[in-house]
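Structural characterization, general
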Amino acid sequence: MNRIAENLASVKERMVAAAERSGRPPDSIKLVPVTKGRSISEIQSLLAAGATDIGENRIQEAQQKYDPIHSFLAASNTRKCDWHLIGHLQRNKVKSALEIFSLIHSVDSLRLLAEISRRTEVLKKQTDILIQINTTGEESKFGLDSEDVFDFMEKSLSYSSVRIVGLMTMGVLSPSPETNRPAFALLRTLSDRIKTEKYPGITMQYLSMGMTDDFEVAIEEGANLVRIGRAIFETTV
Ligand SMILES: *Cc1c(COP(=O)(O)O)cnc(C)c1O
């Protein structure tokens with residue numbers, strides 16, 4: 001096995017153990033390997049090792065990778081690959097984003113939501129998105145403030161071509177995974193409260209939280225979509 005396949009297997013084992021600790025079936029938690037900054041050949045190794053999803057944070061980088069990756073998939077008779085946009089999205093990039101990504105994790109304003117809706121209607125399809133929440137209160141972070149979430153959900157109801165299917169957050173960079181446990185617990189609580197409001201068309205199917213340094217804690221707190229880069233692509237994490 002090559003390094004990427006080995007790392008992928010060990011990340012999956014750690015996910016299974018964390019799922020079991022939190023009393024959930026391991027296959028209910030989805031891994032999104034984060035491929036930003038990684039080469040085409042690294043991504044090919046990842047897909048050959050069985051990954052079915054990739055996460056990118058920049059439109060331009062994703063555009064450059066899209067054709068080579070899909071030619072590789074076609075040539076190797078491999079199953080499909082779903083692209084996840086995990087970075088901030090500017091309104092003038094929405095059109096390009098919709099051509100590539102099947103799930104946008106980072107919607108954090110009504111203006112952006114409105115533009116995604118408008119572009120989606122032109123394409124006569126539906127777009128699945130997650131709402132990014134700033135659960136750590138850092139000024140520098142993208143994401144809605146948690147107290148604005150319910151107002152946002154109300155207002156989002158007029159954009160019916162966009163389906164809100166969950167929430168996403170990022171913890172702070174910290175050597176200790178425990179640092180982000182309260183932020184992850186907050187996202188989980190918000191998602192539970194949104195569920196009880198029963199907004200028509202809004203589901204809380206996904207909680208996207210947890211990265212290399214804290215994904216096990218995130219799973220313990222209810223994550224079912226984890227975004228992991230370094231633990232898969234780097235030798236020693
Ligand atoms: C880079 C990135 C990740 C992955 O981070 P690692 O620490 O490499 O696992 C996850 N989510 C977002 C939004 C990112 O930008």
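Whatever comes next refers back to the structure up there.
Quick summary incoming for the structure in this document. (Residues numbered from 1 in each chain as written. Predicted model: local features only at pLDDT ≥ 70, side-chain atom pairs only at ≥ 80, totals over all residues. Heavy atoms only, no water.)

Before going further, it helps to spend a moment on the site of the ligand. What surrounds the ligand is the set Val34, Lys36, Ile86, Met170, Met211, Thr212, Arg227, Ile228, Gly229 and Arg230. The contact in question runs from an oxygen atom of the ligand to an N or O atom on the backbone of Gly229, over 2.8 Å. Protein chains shield 91% of the accessible area of the ligand, which is 390 Å² for the free molecule. (Near = heavy atom within 4 Å. Polar contact = N/O pair within 3.5 Å; in protein donor to acceptor, adjacent residues only side chain to side chain. Areas by Shrake-Rupley, 256 points an atom, 1.4 Å probe, with all protein chains shown as cover.)

This part covers the packing of aromatic side chains. The geometry of an aromatic ring pair is captured by the separation of the ring centres together with the interplanar angle, meaning the angle of the planes. In this structure the tally under the stated criterion is two aromatic pairs. Taking 5.2 Å as the distance between ring centres and 40° as the angle between the ring planes, the aromatic pair formed by Tyr66 and Trp83 counts as tilted. Placement of the pair is Tyr66 in helix α3 (residues 59-75) and Trp83 in strand β3 (residues 82-85), with a sequence separation of 17 residues. Trp83 gets classed as buried once you look at its relative accessible area, which sits at 1%. Ring centres 6.4 Å apart and planes at 75° place the aromatic pair Trp83 and Phe101 in the edge-to-face group. In this pair, Trp83 is assigned in strand β3 and Phe101 in the loop between α4 (94-100) and β4 (103-107), connecting sequence segments 18 residues apart. According to the relative accessible area criterion, Phe101 is buried, its value standing at 4%. (Phe/Tyr/Trp six-rings, centres within 6.5 Å; stacked < 30°, edge-to-face > 60°. Helix = DSSP H or I, 4+ residues; strand = E, 2+ residues; numbered from the N terminus. Buried < 20%, exposed > 50% of the residue type's maximum accessible area, 1.4 Å probe, protein only.)

Counted under the stated rule, the structure contains 19 salt bridges. The partner of Glu234 in a salt bridge is Arg38, with the nearest N and O atoms 3.1 Å apart. One end of the pair, Glu234, is in the segment after α9 (230-233); the other, Arg38, is in the loop between β1 (30-33) and α2 (40-48), with 196 residues separating them in the sequence. Judged by relative accessible area, Glu234 falls into the partly exposed class, the value being 30%. With a relative accessible area of 16%, Arg38 lands in the buried category. The salt bridge partner of Lys95 is Glu99, with a shortest N-O separation of 4.0 Å. Here the residue Lys95 and the residue Glu99 both occupy positions in helix α4, the gap between them amounting to four residues, near one helical turn. (Salt bridge = Lys/Arg side-chain N within 4 Å of Asp/Glu carboxyl O.)

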